[in-house]
Amino acid sequence: MTHPDTAFAAELDAAEIAYLQAWQGRSETLADEITGAPVAALSATLDRADPEPLIGTDLPPLWHWLYFLPRHRQSELGPDGHAKRGGFLPPVPLPRRMWAGGRLKWQPHNCLRVGESAERSSRIESVLHKNERSGELVFVLVRHELHNARGLALSEEHDIVYRPAPRPGAAPVVPTLAETGAAWQREVVPDDVLLFRYSALTFNGHRIHYDRQYVTQTEGYPGLIVHGPLIATLLVDLVRRNLPGSTLESFEFRAVRPTFDLHPFRLNGQPLSDGKTVRLWAQDHEGFLTMQATAVVA
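Because the structure is predicted, anything quoted here is derived from the model rather than measured.

A. View of the pattern of salt bridges. Enumeration according to the criterion identifies 18 salt bridges in this entry. Across the pair Asp58 and Arg113 runs a salt bridge, and its minimum N-O distance is 3.6 Å. Here Asp58 is found in the loop between α2 (37–45) and β2 (96–106), whereas its partner Arg113 is found in the loop between β2 and β3 (117–132), with 55 residues between them in sequence. For Asp58, a relative accessible area of 45% gives the class partly exposed. Residue class for Arg113 comes out partly exposed when judged on its relative accessible area of 31%. We note a salt bridge from Asp80 to Arg97, for which the minimum N-O separation is 3.1 Å. Within this pair, whereas Asp80 is found in the loop between α2 and β2, its partner Arg97 is found in strand β2, the two being separated by 17 residues in sequence. As far as burial versus exposure is concerned, Asp80 and Arg97 are alike and both buried.

What follows is the structure in structure tokens.
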């Protein structure tokens, strides 16, 4: 079996797949304080003119990603800037690790608030191995539940995908054109300062977001990769800007194609006739779909 921290396996055999699937059912629980400083910093990062967060201020949707952060020692980090493989997440020996999407549901009348203590319970629900034209993939599904003193506040399913390095001469994946004519649109310039600030706020050491030499030479991408959670947060922010006063009941998103810092990208939103559902998507400078999402508001 290939050691996960010294080399990446070209192909996973049955024993390695079974070893990874032994992580199914593992769980951990973390506690944190919902402090105001990260809220104010993310407001500035998203270029919002929000008032200073006070004790009791509702935490905006998806901003819980500012908390329950990993705090691995420097010596515990792997070559990609993440923690060395193993521990809570399975040690998948494939080099490209991405946040592929998720599904979230907020409990009515129990929003997380600044100044309170909260707890996040996490469990690995599944580890799936697939072979596709682009190579083998491993999907890890993690379920989180966040509680405060009043009970369950938020449930979340988090999809992580592990991919192989690109094969020489492999045909590129055919991109999907994004639809046009959205009711809401906003252009975002993803410069390296924005990516640095979001990485810092989420204590994300993954080098694909800030180390241009690493991301282009080691992982083979053309530029720095915009964080999937940042794009998802910006899509929810598009809802907040266009439907002020609304409350998010649920949100699901799926990353379709990487977004790089080389060009501006566009956020799009289209409210549906039911008055509750908003279709959301992001597209790159060429008009190709990079993320699609659905929000349900009250």
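Don't stop here, the text continues.
B. Region of interest: the pairing of strand β5 (residues 151–163). In terms of strand pairing, β2 meets β5 through 10 bridges, oriented antiparallel. Its bridge partner being in β5, Leu104 is matched across the sheet by Glu156. In terms of strand pairing, strand β4 (residues 135–148) meets β5 through 11 bridges, oriented antiparallel. Its bridge partner being in β5, Leu141 is matched across the sheet by Asp159. Taken together, β4 and the strand that follows it, β5, pair antiparallel across an intervening segment of 2 residues.

C. Fine view of the side chain of Asn148. Structurally, Asn148 is set in strand β4. Looking at Asn148, its side chain comes within polar contact range of the side chain of Asn110, at 2.9 Å. Within polar-contact distance, the side chain of Asn148 engages the backbone nitrogen of Arg150 at 3.0 Å. Setting aside anything within four residues of it in sequence, one finds Asn148 in contact with Asn110, Cys111, Leu112, Glu116, Ser117 and Ala153.

D. Structural context of unusual backbone geometry. Phi at Asp47 takes a positive value of approximately 60°, unusual for a residue other than glycine. In this structure, Asp47 sits in the loop between α2 and β2. Look at His109: it is not a glycine, yet its phi comes out positive at around 65°. Within the secondary structure layout, His109 lies in the loop between β2 and β3.

E. Quick peek at the sheet that holds β4. The strand order β1-β3-β4-β5-β2-β7-β10-β9-β8-β6 describes an open sheet built from 10 strands, whose pairing is antiparallel. Strands with a single pairing partner mark the edges of an open sheet, and in this sheet they are β1 (27–33) and β6 (184–188). Adjacent strand axes in the sheet meet at a mean angle of 20°, parallel and antiparallel pairs treated alike. In the sheet, β1 pairs with β3 via 7 bridges, with the strands oriented antiparallel. If you follow Glu33 over to β3, its bridge partner there is Ser117.

F. How the structure looks around α2. Every buried residue belonging to α2 is among Pro38, Val39, Leu42, Ser43 and Thr45, and all of these are buried. Along α2, the residues classed as buried sweep out an arc of 160° about the axis, all on the same side. Here the buried face of α2 lies against α3 (192–201). Just past α2, the residue Asp47 takes up positive phi, approximately 60°.

G. Layout of the environment of His209. Following the sequence through the fold, His209 ends up in the loop between α3 and α4 (212–218). In this structure, the C-alpha to C-alpha distance between His209 and Gly223, residues 14 residues apart in sequence, is 8.8 Å. Once you skip the residues sitting within four places of it in the chain, His209 turns out to touch Leu195, Ser199, Asn204, Leu224, Ile225, Val226 and His227.

H. How the structure looks around the nonpolar core. Counting residues in hydrophobic clusters, the biggest one holds 56 residues, and the most contacted among them are Leu62, Leu104, Leu230, Phe251, Phe253, Leu267 and Leu280. Ranked by the residues each element gives to this core, the list is headed by helix α5 (residues 228–242), at 8 residues. Residue contacts for Phe253: discarding those within four places in its chain leaves Trp65, Trp99, Ala100, Gly101, Gly102, Leu104, Ala232, Met291, Gln292 and Ala293. If you look at the next biggest cluster of nonpolar residues, it comprises 14 residues, including Leu12, Trp23, Phe88 and Val138.

Rules used throughout
Residues numbered from 1 in each chain as written. Predicted model: local features only at pLDDT ≥ 70, side-chain atom pairs only at ≥ 80, totals over all residues. Heavy atoms only, no water. Salt bridge = Lys/Arg side-chain N within 4 Å of Asp/Glu carboxyl O. Helix = DSSP H or I, 4+ residues; strand = E, 2+ residues; numbered from the N terminus. Buried < 20%, exposed > 50% of the residue type's maximum accessible area, 1.4 Å probe, protein only. Pairing = 2+ DSSP bridges. Polar contact = N/O pair within 3.5 Å; in protein donor to acceptor, adjacent residues only side chain to side chain. Contact = heavy atoms within 4.5 Å. Axes fitted to C-alpha atoms, helices over the stretch in contact; angles between N-to-C directions. Arc of directions from axis to C-beta. Core = buried A, V, L, I, M, F, W, Y, C linked by side-chain atoms within 4.5 Å.

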